[in-house]
Amino acid sequence: MRRCRGSLEAAMELRVLRYFLAVAEADSVTAAARQVHIAQPSLSRQLSALEKDLGVSLFTRRPGSLTLNAAGRRFRPIAQDLVRRAEQAAETMSAVGQGEQAALTVVTAPSTVAYLLAPFMAGGGSAGPTLRDAIQEDPSRVFDTLARSDADLGISTSPAPAPLESAFLGRTPVIAQVPAEHAWSGRSTIGLAELVSEPLILMTRSNAARLVVDEAVSRAGLGFAAVSETGSSPFAQALAAAGRGVCLVTDDARFGLSELIVHTPDGPLTVPLYAGWDASHYARSAIHALVDGLRSYCDIRMRRFPGL
């Protein structure tokens, strides 16, 4: 077992993986050798050694060309991922060494990207937090994805499980939105009992806002008059703008829709937000700064809505 692991570690040498990817892209050892600046015989030996260490052939060999076989096609995304991670690690450590702020990747729901991360990032300008990317995921799977990816921070509607460090960011309102010609346009609030008497456009049950709506209606002993579902909040807003019903989303209004805060017997309808991250993360201070900034932005956003 030890000898096998040592062979695999040798096979995963980044230089050899880059050679493999170059050949896979060019379908030719000759062309790939020119690209990576290595003699063709040496490149051929490196590929053969890689296949020997992995215990499987990666290419179909024909005169003048090499093409990936089934094993090679399965190995290609693995090699690409390993090289990408190594390059990100090198970039990050270089930035840390030069005293620059770490670029962070966040895992969160698409709606949270739309109403929180994107406007927060845009509002910060060049002096704001350095976010590399946002991986979009269902809220229930955010922290699982965080654990098995190279992301740095997760944001979801429930606290992060141990051993992750977790922090409450704030709440975001579930907003009823109607077109300008609707009888409710111009109002700032709507009661739950009055709301459910209208045809509603709700998100699917994988969406946190939908779960909050269902729970509030059930607790109040109410029922829906009519419901249609969609998995896209912009599409829900488009349907509302077209007069198909009242949409309930966490996104800021689009298409000229008016916004109403939904009041229930237990208070305004809101969704909680929590951040989670590895407590031993090398960029822990940068994560804390980002969390503080997001918490402040949540507070500012909530103040936009009267009655909250």
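Keep in mind that this is a model prediction, so the values were computed, not measured.

Caption draft 1: Spotlight on the sheet that holds strand E14 (residues 270–277). Sheet architecture is open: five strands sit in the order E4-E3-E5-E14-E6, paired in mixed fashion. The open sheet has two free edges, formed respectively by strand E4 (131–136) and strand E6 (165–173), since each of these has just one partner strand. Neighbour-to-neighbour, the strand axes of this sheet turn through a mean angle of 20°, independent of strand direction. Sheet strands in contact with helix H11 (residues 284–302) are strand E3 (104–108), E4, strand E5 (153–156), E6 and E14, and its direction is about 20° off that of E6.

Caption draft 2: Looking closely at the packing of helix H2 (residues 14–26) against helix H3 (residues 29–36). For the pair H2 and H3, the least separation of the axes is 8 Å and the interaxial angle reads 130°. It follows from the interaxial angle that H2 and H3 lie oblique. The chirality of how H2 crosses H3 is right-handed. For the pair H2 and H3, contact is made by Tyr19, Ala22, Val23 and Ala26 and by Val29, Ala31, Ala32, Gln35 and Val36, respectively. Its residues assigned to classes, the contact of H2 with H3 comprises eight nonpolar, one polar and no charged.

Caption draft 3: Highlighting unusual backbone geometry. Ala162 connects to Pro163 through a cis peptide bond whose omega is 10°. When you line up the elements, Pro163 lands in the loop between E5 and E6. In this structure, Asp27 is a non-glycine residue whose phi angle is positive, near 55°. The exposure class of Asp27 is partly exposed, given its relative accessible area of 36%.

Caption draft 4: View of the packing of aromatic side chains. Overall, the coordinates contain four aromatic pairs when judged by the stated rule. Ring centres of Phe120 and Tyr297 lie 5.9 Å apart, and the angle between their planes is 70°; this geometry places the pair in the edge-to-face category. Placement of the pair is Phe120 in helix H6 (residues 110–124) and Tyr297 in helix H11, with a sequence separation of 177 residues. For Phe120, a relative accessible area of 12% gives the class buried. Relative accessible area serves as the criterion here: at 22%, Tyr297 is assigned to the partly exposed category.

Caption draft 5: Structural view of the confidence of the model for the protein chain. The predicted model of the protein chain has a mean per-residue pLDDT of 84, with 88% of residues at 70 or higher. Across residues 1–11, where pLDDT falls below 50, the model places nine contacts with residues more than four positions away in sequence or in other chains.

Definitions and cut-offs
- Residues numbered from 1 in each chain as written.
- Predicted model: local features only at pLDDT ≥ 70, side-chain atom pairs only at ≥ 80, totals over all residues.
- Heavy atoms only, no water.
- Pairing = 2+ DSSP bridges.
- Helix = DSSP H or I, 4+ residues; strand = E, 2+ residues; numbered from the N terminus.
- Axes fitted to C-alpha atoms, helices over the stretch in contact; angles between N-to-C directions.
- Contact = heavy atoms within 4.5 Å.
- Parallel < 35°, antiparallel > 145°, perpendicular 65-115°, else oblique.
- Left-handed = near helix turned anticlockwise from the far one by under 90°.
- Nonpolar A, V, L, I, M, F, W, Y, C, P; charged D, E, K, R; others polar.
- Buried < 20%, exposed > 50% of the residue type's maximum accessible area, 1.4 Å probe, protein only.
- Phe/Tyr/Trp six-rings, centres within 6.5 Å; stacked < 30°, edge-to-face > 60°.
- pLDDT = per-residue confidence, 0-100.

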